[in-house]
Amino acid sequence: MKKTSTRLADGRELIYYDLSDATVRDAVDHRPLEPTVTSSEIRRDELLGDSVAIASHRQGRTYHPPADQCPLCPTRGDRLSEIPDSSYDVVVFENRFPSLAGDSGRCEVVCFTSDHNASFSSLTEEQARLVLDAWTDRTSELSHLPAVEQVFCFENRGEEIGVTLQHPHGQIYAYPFTTPRTALMLRQVAAHKEATGGQNLFDAVLERELADERVVLTSEHWVAFVPYAAHWPYEVHLYPRRRVPDLLALDEAARTEFPQIYLELLKRFDRIFDEGEGTGGESRTPYIAGWHQAPFGPLAEFDGVTRDDFALHLELFTIRRTSGKLKFLAGSESGMSVFINDVPPERAAERLREVAS
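Here the structure is a predicted model, which means the values were calculated and not measured.

Enquirer: Can you lay out helix 2 (residues 180–195) for me, pointing to particular residues and giving the numbers?
Expert: When the terminal C-alpha atoms of helix 2 are compared, their 23 Å separation across 16 residues agrees well with the 22 Å that a helix rising 1.5 Å per residue should span. Every buried residue belonging to helix 2 is among Thr182, Ala183, Met185, Leu186, Val189 and Ala190, and all of these are buried. Considered in projection along helix 2, the buried side chains sweep an arc of 160° and stay on one side of the axis. Relative to its buried face, helix 2 has exposed residues pointing more than 90 degrees away, namely Leu184, Gln188 and Ala195. Turning to helix 2, the residues buried within the fold contact strand 7 (150–157), helix 3 (201–210), strand 12 (287–292) and strand 13 (313–318). Positive phi shows up at Gly197, right after helix 2, with a value of about 75°.

Enquirer: Please provide a residue-by-residue account of the pairing of strand 2 (residues 13–18), values included.
Expert: When you tally the buried positions in strand 2, you get 6 out of 6 residues, the bulk of the element. Of the two faces of strand 2, the one lined by Glu13, Ile15 and Tyr17 and the one lined by Leu14, Tyr16 and Asp18 are each fully buried. The pairing of strand 1 (residues 2–7) with strand 2 spans 6 bridges and is antiparallel. Across the sheet, residue Lys2 finds its bridge partner in strand 2, namely Asp18. Hairpin geometry of strand 1 and strand 2 is characterised by an intervening segment of 5 residues between the two adjacent antiparallel strands and by a positive phi of about 95° at Gly11. Bridging between strand 2 and strand 5 (residues 90–94) involves 4 bridges; their strand directions are antiparallel. Bridging across to strand 5, Tyr16 finds its partner in Val91.

Thresholds, definitions, all that
- Residues numbered from 1 in each chain as written.
- Predicted model: local features only at pLDDT ≥ 70, side-chain atom pairs only at ≥ 80, totals over all residues.
- Heavy atoms only, no water.
- Helix = DSSP H or I, 4+ residues; strand = E, 2+ residues; numbered from the N terminus.
- Expected span 1.5 Å × (residues − 1).
- Buried < 20%, exposed > 50% of the residue type's maximum accessible area, 1.4 Å probe, protein only.
- Arc of directions from axis to C-beta.
- Contact = heavy atoms within 4.5 Å.
- Pairing = 2+ DSSP bridges.

Put into structure tokens, the structure is as follows:
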């Protein structure tokens, strides 16, 4: 992997990740852009103890542009985009309309490929590995920023999810706090550790799932399963067999094997509903996929828990519950955070095994 950092016309950082060490990146962003101005602010909810990002400048962000005006495609001729060069393998750049900025963290966009009509599932194993390497590198770099406590690499796919740019891409949020979801996990890990005399909750969960009927697929270094109490109609958690706190700690064997198992999972998601949409006769199932990593900030509030007690894992889920029907977060979910799942996890796992390649 070759990494080349440059600056866009408004001062934002852009980084090329190339498969070939011989690639030269010297294109210049010629757009007449003013310096980026953001108004991101973090406010803490005293009753719930969580934080909300107020980012009013995002109202003007790009919204469903036509394909020939996609800002994530390479620059070609007179059509100038966020990527100055005429081609790329993987690109990461600072979001022009960030939810978090400055002392409130940082937001980045990850373009998986220059092919506008592709998807992550259509990448080659070599391309998918390059994305993994880019995620790992950005996790390392962002973790050293003074304001950052946690790094979240994720992808939203599909208009149903709220995606406004159809080009295959993901995002990275570098939070100035430990997120509420991670804090809940850490509290459970702390309680389990105390109750069992030091045993690890993530290890216990993985051992239980391996012995149950919700396993979707396994390999030498990875395990994918539908969790016992899945919140979403089709939800899969992907764990490395060896517990590590973050992407940085993955060994080479797990990195090498990751593209095989993850691309297969994504292909199965595209076959769940078998609607014949998209490319290759498969549907393009809307989904959210995100890496859960240990915070880089202090863990003093979680009694006896260290970063090494956390288990890196990826969570992948769709809001579609059946063909043509979505799972909406209504009163119980949105109002009280109590999920109601219409699809039994055991049936979801069975269906995901049925659609194997």
